[in-house]
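Breakdown of the fold
Single-letter residue listing:
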Amino acid sequence: MSTDSEATIGTVEWEGHTYEIDWPFYLDEPSMRDEYCAVVYEKGRQLAELPLPGFGETYKSAEQIMDIAFEFIAGGGLDDH
């Protein structure tokens, strides 16, 4: 997967870094978002896939993913990157 401006749904600013949040489209159905995948990038480099909202749940909206992204980043989810 690579960063794609159409997949980008927003950015998270945290401790001097700007992280790009992507919610990619399905490869075989380019009009539908992948409800199982959201990705964090910095400067074009993939850092992590975001966790799903809960057991058995999928992503439903860009707002939901941005909330998860902020909690993940602020909570130290990228500390190993």
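So, a few notes on the structure that sits alongside this text.

Calculation criteria
- Residues numbered from 1 in each chain as written.
- Predicted model: local features only at pLDDT ≥ 70, side-chain atom pairs only at ≥ 80, totals over all residues.
- Heavy atoms only, no water.
- Helix = DSSP H or I, 4+ residues; strand = E, 2+ residues; numbered from the N terminus.
- Polar contact = N/O pair within 3.5 Å; in protein donor to acceptor, adjacent residues only side chain to side chain.
- Pairing = 2+ DSSP bridges.
- Axes fitted to C-alpha atoms, helices over the stretch in contact; angles between N-to-C directions.
- Contact = heavy atoms within 4.5 Å.
- Core = buried A, V, L, I, M, F, W, Y, C linked by side-chain atoms within 4.5 Å.
- Buried < 20%, exposed > 50% of the residue type's maximum accessible area, 1.4 Å probe, protein only.
- Lys, Arg positive; Asp, Glu negative; His and termini not counted.
- Salt bridge = Lys/Arg side-chain N within 4 Å of Asp/Glu carboxyl O.
- 1 Å grid on protein atoms, 1.4 Å probe; cavity = no way out; pocket = protein on both sides within 12 Å on 5 of 7 lines; lining within 4 Å.
- Points joined across faces, edges and corners; volume = space filled by probe spheres on them.

1. Topic: the side chain of D22
Mapped onto the elements, D22 comes out in strand β2 (residues 17-22). Side-chain polar atoms of D22 contact the side chain of T8, separated by 2.9 Å.

2. Structural notes on the sheet that holds β2
Taken in spatial order, the four strands line up as β1-β2-β3-β4 in an open sheet, and their pairing is antiparallel. Strands with a single pairing partner mark the edges of an open sheet, and in this sheet they are β1 (8-14) and β4 (45-49). Strand-to-strand twist in this sheet, taken as the mean axis angle between neighbours without regard to direction, amounts to 30°. Where β1 and β2 come together, six bridges link them in antiparallel fashion. Considered in β2, the bridge of G10 is made with I21. Against the sheet, helix α1 (residues 62-74) touches β1, β2, β3 (39-42) and β4, its axis set at about 25° to β1.

3. Describing the nonpolar core
With 17 residues, the main nonpolar core has I21, V40, L50, Y59, I65, I73 and L78 as its most contacted residues. At the level of secondary structure, the elements contributing two or more residues to this core comprise β2, β4 and α1. The dominant element in this core, judged by the number of residues it contributes, is α1, at six residues. Discounting chain neighbours no more than four positions away, the residues touching L78 are Y19, V40, L47, A48, F72 and I73.

4. Quick word on the environment of D80
Within the element layout of this structure, D80 appears in the segment after α1. The spatial distance from the C-alpha of D80 to the C-alpha of A48 is 9.8 Å, given a sequence separation of 32 residues.

5. Regarding the side chain of E42
Here E42 is to be found in strand β3. For the buried E42, no salt bridge exists, and the shortest N-O distance to an oppositely charged side chain is 5.2 Å, to K43. Residues in contact with E42, not counting those within four places in the same chain, are H17, T18, Y19 and L47.

6. A closer look at the layout of surface pockets
Taken as a whole, the second largest pocket encloses approximately 200 Å³ of empty space. The set of elements that each furnish at least two residues to the lining of the second largest pocket consists of β2, β4 and α1.

From the geometry alone we can't say anything about function, so treat these as descriptive.
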